[in-house]
Amino acid sequence: MREFQLSTEYIELVKLLKLLRIAQTGGHAKIIVEDGEVIRNGEPEFRKRAKLVKGDVLEIMGETIKII
């Protein structure tokens, strides 16, 4: 499990995907989300700009990421 230290109130999903280099570009990040590749707290997340907060757990293409 990877952990991401949140330094603000929240981070948008597509920004996190780019920041962690899961997506190569913003367009690639949007495709990952649209294709249902992101599970947030056990539920599919299709909102590209979903606000991720501390405590959220994401599963993206076999990788688990916890927002701390």
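Structure's up top.
Just so you know, these numbers come straight off a predicted model, no measurement behind them. (Residues numbered from 1 in each chain as written. Predicted model: local features only at pLDDT ≥ 70, side-chain atom pairs only at ≥ 80, totals over all residues. Heavy atoms only, no water.)

1. Re the nonpolar core
Reasoning step 1: By size, the foremost hydrophobic cluster in this structure holds 20 residues, and its most contacted members are Phe4, Leu13, Leu16, Leu17, Leu58, Ile60 and Ile65.
Reasoning step 2: The set of elements that each furnish at least two residues to this core consists of α1 (13-19), α2 (26-34), β6 (57-60) and β7 (63-67).
Reasoning step 3: The greatest single-element share of this core, amounting to four residues, is contributed by α1.
Reasoning step 4: Not counting residues up to four positions away in its chain, the partners in contact with Leu17 are Ile22, Ala23, Ala29, Ile32, Val33 and Ile60. (Core = buried A, V, L, I, M, F, W, Y, C linked by side-chain atoms within 4.5 Å. Buried < 20%, exposed > 50% of the residue type's maximum accessible area, 1.4 Å probe, protein only. Helix = DSSP H or I, 4+ residues; strand = E, 2+ residues; numbered from the N terminus. Contact = heavy atoms within 4.5 Å.)

2. Quick notes on the sheet that holds strand β4 (residues 43-44)
Reasoning step 1: Reading across from one edge, β1-β7-β6-β3-β4 is the order of the five strands in this open sheet, with mixed pairing throughout. Two strands lie at the open edges of the sheet, namely β1 (2-4) and β4, each paired on one side alone. (Pairing = 2+ DSSP bridges.)

3. Here we look at α2
Reasoning step 1: For α2, every residue scored as buried is listed here: Ala29, Ile32 and Val33. Along the axis of α2, the buried positions cluster into a sector of 95°, meaning they face one direction only.
Reasoning step 2: The inward-facing, buried residues of α2 contact α1, β3 (38-40) and β6.
Reasoning step 3: Gly36 lies just past α2 and shows a positive phi near 75°. (Arc of directions from axis to C-beta.)

These figures capture arrangement, not role.
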